[in-house]
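Descriptive structure summary
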Amino acid sequence: MTTSFKHHLYAETPPMGWNSWDCYGASVREEEVRGNAAYMAEHLKAFGWDYVVVDIQWYEPGANSSQYRAFVPLEMDEYSRLLPAVNRFPSAAEGRGFKPLADYVHSLGLKFGIHIMRGIPRQAVHADTKLLGTDVTARQIAHQNSICPWNTDMYGVDASKDGAQQYYNSLFDLYASWGVDFVKVDDIAASRLYGIHLEEIKLIHRAIEQSGRPMVLSLSPGPAPLAHAEALAEHANMWRMTDDYWDLWHLLHEMFERCEKWAPHVGDGAWPDCDMLPLGHLGIRSVDGGGSDRWTRFTRDEQVTMMSLWAIFRSPLMFGGEMRDNDEWTLSLLTNEEVLALHRGGRGARQLYRENERIAWTAEDAEGSKYVALFNVGEQPAAVAVTLKQLGLTAAPKVRSLWSREDLGIWEELSFQLPPHGSLLLKLT
């Protein structure tokens, strides 16, 4: 369990929302964000979903997919701060930034988030533009050897330089003035070239605190180093345990081991993050993950298995599909109150055992109810079981299946035949 810090109050339960990446890549437009926000308000807000997050490169006028255009001009103000591309976000015209869009999202009773890359724009460094609140300029704080290997927008910031904190302060003061509630910072938790950028994480954490506005801090990509679990919790609300996660079975299969390792570090306000839920209609303008315009490649059994693991582990839930195209099945995965009650209020989740491809997890809630998740991650049907002794129970419990919403009666031993890649999520009282 993590130690509690002030910023943990910003995300006392795992954040739940929508992120534009899985369907629109770097190219999402204002009308698409507004449309998904309206859908969330109508269909999902009552179930606890409330974040609407604009992912990468909202400042790139020509972005058209998940493929980045290298070294192109970006929209930026006189103080080296990137601004929304007005051709994609018309309400940002005349220097209004994301405030009108955030105001709309807030008017629906929802919260607004953005993605940023760590560092300072390369074009600001090359032009040596001003930084707000200091006489230092962009070139003087840039770490020009600290680059992102997959995106050319930014240089890292040298945290030891005068002006570094003032630059980040000015960024987050701007985001506070827009009404931003959630910031996903990329190329920082586990850079492919340099590992974790802990000093920049600290700069960003301090910048949020001084801004006066609570903002959930999410760190990407992963896998974040387990050795830095305490520092991650001290400065952020969520951090990726994995590289980009897509609708491919081998990636879901690998997540069980990641969750087992990170489970001891789950705590209120500090959430190891399994990444987005690639469900529903994906790949509309995003070709990442080896796909194109499609519905999720996960089978229904695999979708339930993913949701069950994310729920009992208590990962943040960020839906990746175009929500307005959701069918009844997809919507049902997001609106099961009993599963979401486990996600919101579960405690002490841990892997009970793993025997080859049979896996059992357990957790409990504040009322003393126990939860059991049984998984068959193999390629053949298999019986997966747990005993009362393994669960620390002396009397046979009443058993309820959360996904089918049915009472199964009183069981002396929990043993179920599961299909390949299948699962059961049970509540014991």
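The notes below deal with the structure included here. Note that the coordinates shown come from a computational prediction; the quantities given were computed from them, not determined experimentally.

A few points about the sheet that holds strand S14 (residues 347-355)
Pairing in this open sheet of six strands is antiparallel, and the strands run S14-S15-S16-S21-S18-S19 from one edge to the other. In this open sheet, the two strands that pair with only one neighbour each are S14 and strand S19 (406-410). For this sheet, the mean angle separating the axes of adjacent strands, direction not counted, is 20 degrees. As paired strands, strand S16 (residues 370-376) and strand S21 (residues 422-428) are joined by seven bridges and run antiparallel to one another.

Observations regarding the sheet that holds strand S8 (residues 216-219)
The strand order across the open sheet formed by eight strands is S10-S9-S8-S7-S3-S2-S1-S13, and the pairing between neighbours is parallel. Edge positions in the open sheet fall to strand S10 (271-273) and strand S13 (317-319), since each of these has one partner strand only. Going across the sheet, the axis of each strand differs from the next one's by a mean of 25 degrees, ignoring polarity. With four bridges joining them, strand S7 (residues 182-186) and S8 adopt parallel strand pairing. What sits directly across from Phe 182, in S8, is Val 216. Strands strand S2 (51-54) and strand S3 (111-117) of the sheet are contacted by helix H3 (residues 99-107), whose axis makes an angle of about 140 degrees with S3. Running at roughly 155 degrees to S3, helix H6 (residues 164-178) makes contact with S3 and S7 of the sheet.

Re the environment of Phe 47
Looking at the secondary structure, you find Phe 47 in the loop between helix H2 (30-43) and S2. Taking the C-alpha atoms as reference, Phe 47 lies 6.9 Å from Glu 337; in sequence the two are 290 residues apart. In this structure, Phe 47 is in contact with Met 16, Leu 334, Thr 335, Glu 337, Leu 340 and Arg 344, ignoring residues within four places of it in sequence.

Some remarks on the nonpolar core
Counting residues in each nonpolar core, the largest one holds 131 residues, and the members touching the most others are Ile 120, Phe 172, Tyr 175 and Trp 361. Sorting elements by how many residues they give to this core places H6 first, with nine residues. Inspection of this core shows a minimum of three residues originating in each of domain 1 (6-345) and domain 2 (350-428). In this structure, Tyr 175 is in contact with Ile 114, Ile 116, Val 180, Val 183 and Met 215, ignoring residues within four places of it in sequence.

Definitions and limits used
- Residues numbered from 1 in each chain as written.
- Predicted model: local features only at pLDDT ≥ 70, side-chain atom pairs only at ≥ 80, totals over all residues.
- Heavy atoms only, no water.
- Pairing = 2+ DSSP bridges.
- Helix = DSSP H or I, 4+ residues; strand = E, 2+ residues; numbered from the N terminus.
- Axes fitted to C-alpha atoms, helices over the stretch in contact; angles between N-to-C directions.
- Contact = heavy atoms within 4.5 Å.
- Core = buried A, V, L, I, M, F, W, Y, C linked by side-chain atoms within 4.5 Å.
- Buried < 20%, exposed > 50% of the residue type's maximum accessible area, 1.4 Å probe, protein only.
- Domains from an automatic or database assignment.

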